[in-house]
Amino acid sequence: MNPRGRRVAAGRAGRLRLRRGLATALRGADLLERKLRLLLDREHTARRAAEDARRVWEEKLADAETWLLRGVLLGGERALAEAAPADRARVDIRWAALMGVRHPAAVECAAPVRSPAEPTPSNTALAHAETAYRAAVRAAAELAAHQTAADLLAAEAERTRQRVRALRRHWIPRLRAELDAVELALEEAEHEEAVRRRWAATRADR
């Protein structure tokens, strides 16, 4: 029995199994730590990209709202309603995988297409507003992609960190304790066997 009261595998076969198990656990912990470093590095990159994208989005949105206000002041709400195309913007997300984690890698935005029958903006300010809002939509999509990627990578990093902690703090120490107990038992058994042999040899010489 080991200090925790768990029965350990006895004999040389048990020692071999424990050595292999310990080697596997150590190798697994090393691999998980490398994975964790890679995930954290990529998450950090995604966070910085999200921060940059947020600043761009806020600037584009403020610019668009300024032009919109000017356009409405010049042409009124009716001019705004008439200038809006029936089509809608489309955003496509291209996904990638890192260490088994699927995350957004890039975005493609398609602006609304105005049909020939639809009226164009009635004043220059509304035309500028349309262009600015298209840029703001693209910036918002970029922000969402970077933020989502960072969150997904962070979640996987946390799961990986927990697995490393379980190996380093619990599983590996337990295997080492069991291995130490088995090796100690084998040493004691070998010592006892050596004593018996010497005793038997001494009796045979008499």
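Look up: the structure comes first, before these words.
Each chain carries its own residue numbering, running from 1 in the written order of its sequence. Only residues with pLDDT of at least 70 are given local features in this predicted model, and only at 80 or more are side-chain atom pairs given and counted; all residues enter the totals for whole chains, interfaces and linings. The side-chain values count all of the structure's non-hydrogen atoms but skip hydrogen atoms and water molecules.

Chemist: So, the environment of A136: which residues are in play, and what are the values?
Modeler: The topology assignment puts A136 in helix α2 (residues 124–205). Three exposure classes are used, based on accessible area relative to the maximum for each residue type with a 1.4 Å probe and protein chains only: buried under 20%, partly exposed in between, and exposed over 50%. Given the relative accessible area of 5%, A136 is considered buried. In sequence terms A136 and V56 are 80 residues apart; their C-alpha atoms lie 8.2 Å from each other. By definition, residues are in contact when any of their heavy atoms lie within 4.5 Å. Ignoring anything within four residues of it in the chain, the contact list for A136 reads W57, K60 and L61. The way it works is that DSSP assigns letters per residue, a run of H or I at least four long becomes a helix, a run of E at least two long becomes a strand, and they are numbered from the N terminus.

Chemist: Break down the pairing of strand β1 (residues 90–98) for me, with residues and values.
Modeler: In this scheme, strands are said to pair when DSSP sees at least two bridges between them. Two elements, β1 and strand β2 (residues 101–110), share nine bridges in a ladder whose sense is antiparallel. Bridged to R94 within β2 is A106. Two successive antiparallel strands, β1 and β2, enclose a turn made up of two residues, where M99 displays a positive phi of approximately 50°.

Chemist: Which residues make up unusual backbone geometry, and what values do they have?
Modeler: Located in the positive-phi region is M99, a residue other than glycine, with phi close to 50°. Within the secondary structure, M99 is located in the loop between β1 and β2. Given the relative accessible area of 41%, M99 is considered partly exposed.

Chemist: Tell me what's going on with the nonpolar core, and back it up with residues and numbers.
Modeler: In globular proteins that are soluble, nonpolar side chains generally tend to be buried together. Counting residues in each nonpolar core, the largest one holds 12 residues, listed as L18, L22, A25, A29, L32, V164, L167, I172, L175, L179, V182 and L186. Apart from the residues lying within four places of it in its own chain, the contact partners of L186 are G11, R12 and R15. L39, L98, V101 and A157 belong to the second largest nonpolar core, which has six residues in total. Working definition of a nonpolar core: buried Ala, Val, Leu, Ile, Met, Phe, Trp, Tyr and Cys residues. They are joined through side-chain atoms within 4.5 Å.

Chemist: Talk me through a nonpolar patch on the surface; I want residue IDs and the actual numbers.
Modeler: A contiguous nonpolar patch, built from V91, I93, W95, V137 and L152 and spanning about 380 Å² of accessible area, is present on the exposed surface. Of all elements in the fold, only β1 and α2 reach the threshold of two or more residues within the nonpolar patch. Among the elements that line the nonpolar patch, the one with the most residues is β1, at three residues. Turning to its location among the elements, V137 is positioned in helix α2. Of the residues examined, V137 reaches a relative accessible area of 36% and is grouped as partly exposed. The patches described consist of residues with a relative accessible area above 30% and no salt bridge, like charges being joined within 9 Å and nonpolar side chains (Val, Leu, Ile, Met, Phe, Trp, Tyr) within 5 Å. In this description, accessible areas are obtained by the Shrake-Rupley approach with a 1.4 Å probe, and a residue is regarded as covered only by the protein chains that are shown. Salt bridges are identified by distance alone: a Lys or Arg side-chain nitrogen within 4 Å of an Asp or Glu carboxyl oxygen.

Chemist: Before we move on, could you go through the layout of surface pockets and cite the residues and values that matter?
Modeler: Only protein atoms enter the 1 Å grid used here. Points where a 1.4 Å probe fits but cannot escape make up a cavity, open sets with protein on both sides within 12 Å along at least five of seven lines make up a pocket, and a residue lines them when an atom lies within 4 Å of a point. Grid points are joined across faces, edges and corners, and a volume is the space filled by probe spheres set on the points. Empty space within the largest pocket amounts to approximately 310 Å³. A83, A84, P85, E130 and Y133 are the residues nearest the centre of the largest pocket, which is lined by 15 residues in total. Ranked by the residues each element gives to the lining of the largest pocket, the list is headed by α2, at five residues. Looking at the lining of the largest pocket residue by residue, the class counts come to 11 nonpolar, no polar and four charged. In the scheme used here, Gly and all other residues not listed as nonpolar or charged are polar, with Ala, Val, Leu, Ile, Met, Phe, Trp, Tyr, Cys and Pro taken as nonpolar and Asp, Glu, Lys and Arg as charged.

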